[in-house]
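Residue-level structure breakdown
Listed below, chain by chain, are the residues.
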Amino acid sequence: LSLGRPAFLEEPPGADQVAANLSQLQGTEASVLLPSTLHLFVDTFECFATAGSAIYLDNANYPITRWGAERAVLRGIPLRSFARYNPRDLLRQLVQGANEGLRPLVVADGICPATGQMAPLGEYLEIVRHFGGLLLIDDTQALGLLGRNPDERRPYGSGGGGVPGYLGLSGADLLVGASLAKAFGVPVAAFSGSQHLIQRFKAQSLSRLHCSPPSAAVIHAAVRALGVNTREGDELRAQLSENIRRF
């Protein structure tokens, strides 16, 4: 089940290939696996919420994201919230933060699990870029469900890479954290983004140094889930859409 050493010293067998397959699916340059989204978000804020920056949470964010952000507060990082799915309020707060000399790390769920509503991520990303910050998306609800080029015949799109592909978003200032435990049914998390930022994360991640990595069993489950997605994922998503329509 385990090599008995942290991922910082040696990646578990198959982890690099699963990460590469996920980054290709999501349309990012690189990915890395972690045991859970709790590990992922704690480490993400440790790595990217540094001195001179501030965290801005969408009020619709899932609790685990907030737990990671609250830990950053203990290091003196400002934590602020903006109105749910409200780009105008985000802009107002980022202007105020810029006047204080703060770089923004904006955090939002791709899809709100309570309502099924999709965040206006394109507007968020445009605003964040204006201030030279980063946009971090929790894409747990959409990974494996939404994909590229949605149309009337395939309302979920193709591929299952998540919200960024569904909305056509990409860039070096976009980070994606997601669990595979929803649509893919695998209890493991993936952090994805540019090659530069993922390498920085891998070097600074405390979970990769002090915690056990994903087990061999979980990695094999991820290999199988991604294989099923490649072979018949679009067919399964089309069947889901038809079931919902009939219901």
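Quick caveat, the model's predicted, so the values are computed rather than measured.

Here we take up the pairing of strand β4 (residues 103-109). Within β4, 6 of the 7 residues are buried, which leaves it mostly tucked inside the rest of the structure. Looking at chain direction, strand β2 (residues 53-58) and β4 are connected through 5 bridges and run parallel. The residue bridging Ser 53 from the neighbouring strand is Arg 103, located in β4. Pairing of β4 with strand β5 (residues 134-138), which is carried by 5 bridges, proceeds in the parallel orientation. Pairing of Val 106 across the sheet is with Leu 135, part of β5. At this point the chain moves from β4, through helix α5 (residues 121-130), to the parallel β5, and the crossover so formed is right-handed.

Time to look at the nonpolar core. If you look at the biggest cluster of nonpolar residues, it comprises 27 residues, and the most contacted ones within it are Tyr 56, Leu 90, Val 106, Leu 121, Tyr 124 and Leu 135. Those elements that place two or more of their residues in this core are β2, α4 (87-99), β4, α5, β5 and β6 (174-179). With 5 residues, α5 is the largest single contributor of residues to this core. Apart from the residues within four sequence positions on either side, Tyr 124 is in contact with Asp 58, Phe 82, Tyr 85, Asn 86, Pro 87, Leu 90, Ala 108, Ala 119 and Leu 135.

Attention now moves to the side chain of Asp 58. Mapped onto the secondary structure, Asp 58 falls in strand β2. Here Asp 58 occupies a buried position and makes no salt bridge, while the nearest side chain of opposite charge, Arg 84, is found at 6.0 Å. There is a polar contact of 2.8 Å between the side chain of Asp 58 and the backbone nitrogen of Ala 60. Those residues in contact with Asp 58 that sit more than four places away from it in its chain are Arg 66, Phe 82, Ala 83, Arg 84, Tyr 85, Val 107, Ala 108 and Tyr 124.

So, about the packing of helix α2 (residues 37-48) against helix α7 (residues 195-204). Two numbers describe how α2 lies on α7: the axes approach to 10 Å, and their chain directions differ by 105°. Compared by their axis directions, α2 and α7 come out roughly perpendicular. Listed contacts from α7 to Leu 40, Asp 43, Thr 44, Cys 47 and Phe 48 of α2 are Leu 197, Arg 200, Phe 201 and Gln 204. Taken together, the residues of the contact of α2 with α7 sort by class into 5 nonpolar, 2 polar and 2 charged.

Before going further, it helps to examine the side chain of Asp 138. Following the sequence through the fold, Asp 138 ends up in strand β5. Look at Asp 138: it is buried, it has no salt bridge, and the nearest opposite charge is Lys 182 at 9.2 Å. Ignoring sequence-local partners within four residues, the contact set of Asp 138 consists of Phe 41, Tyr 62, Thr 65, Ala 108, Asp 109, Gly 110 and Gly 177.

Helix length check: α4, at 13 residues, gives a terminal C-alpha distance of 18 Å against a target of 18 Å (1.5 Å per residue), a fit within 8%. All of the buried residues in α4 are Pro 87, Asp 89, Leu 90, Gln 93, Leu 94 and Gly 97. Burial along α4 is one-sided: seen end-on, the buried residues are contained in an arc of 155°. Of the residues in α4, the exposed ones pointing more than 90 degrees away from the buried face are Arg 88 and Asn 99. Contacts made by the buried residues of α4 are with β2, β3 (79-82), β4 and α5. Positioned one or two residues after α4, Gly 101 has a phi angle of 80°, which is positive.

Before going further, it helps to spend a moment on the sheet that holds β3. One key point about sheets: their strands pair by backbone hydrogen bonds, in either a parallel or an antiparallel sense. Pairing is mixed across the open sheet formed by 7 strands, whose spatial order is β1-β7-β6-β5-β4-β2-β3. Strands with a single pairing partner mark the edges of an open sheet, and in this sheet they are β1 (30-34) and β3. On average, each strand axis in the sheet is tilted by 20° relative to the strand beside it, whichever way the strands run. Inspection of the sheet shows β1 paired to strand β7 (residues 189-193) by 5 bridges, in the antiparallel sense. Across the sheet, residue Ala 30 finds its bridge partner in β7, namely Gly 193. Helix α3 (residues 63-73) contacts β2, β3, β4 and β5 of the sheet and is inclined by roughly 155° relative to β2.

Cut-offs used in this document
Residues numbered from 1 in each chain as written. Predicted model: local features only at pLDDT ≥ 70, side-chain atom pairs only at ≥ 80, totals over all residues. Heavy atoms only, no water. Buried < 20%, exposed > 50% of the residue type's maximum accessible area, 1.4 Å probe, protein only. Helix = DSSP H or I, 4+ residues; strand = E, 2+ residues; numbered from the N terminus. Pairing = 2+ DSSP bridges. Right-handed = clockwise from strand over helix to strand, strands pointing away. Core = buried A, V, L, I, M, F, W, Y, C linked by side-chain atoms within 4.5 Å. Contact = heavy atoms within 4.5 Å. Lys, Arg positive; Asp, Glu negative; His and termini not counted. Salt bridge = Lys/Arg side-chain N within 4 Å of Asp/Glu carboxyl O. Polar contact = N/O pair within 3.5 Å; in protein donor to acceptor, adjacent residues only side chain to side chain. Axes fitted to C-alpha atoms, helices over the stretch in contact; angles between N-to-C directions. Parallel < 35°, antiparallel > 145°, perpendicular 65-115°, else oblique. Nonpolar A, V, L, I, M, F, W, Y, C, P; charged D, E, K, R; others polar. Expected span 1.5 Å × (residues − 1). Arc of directions from axis to C-beta.

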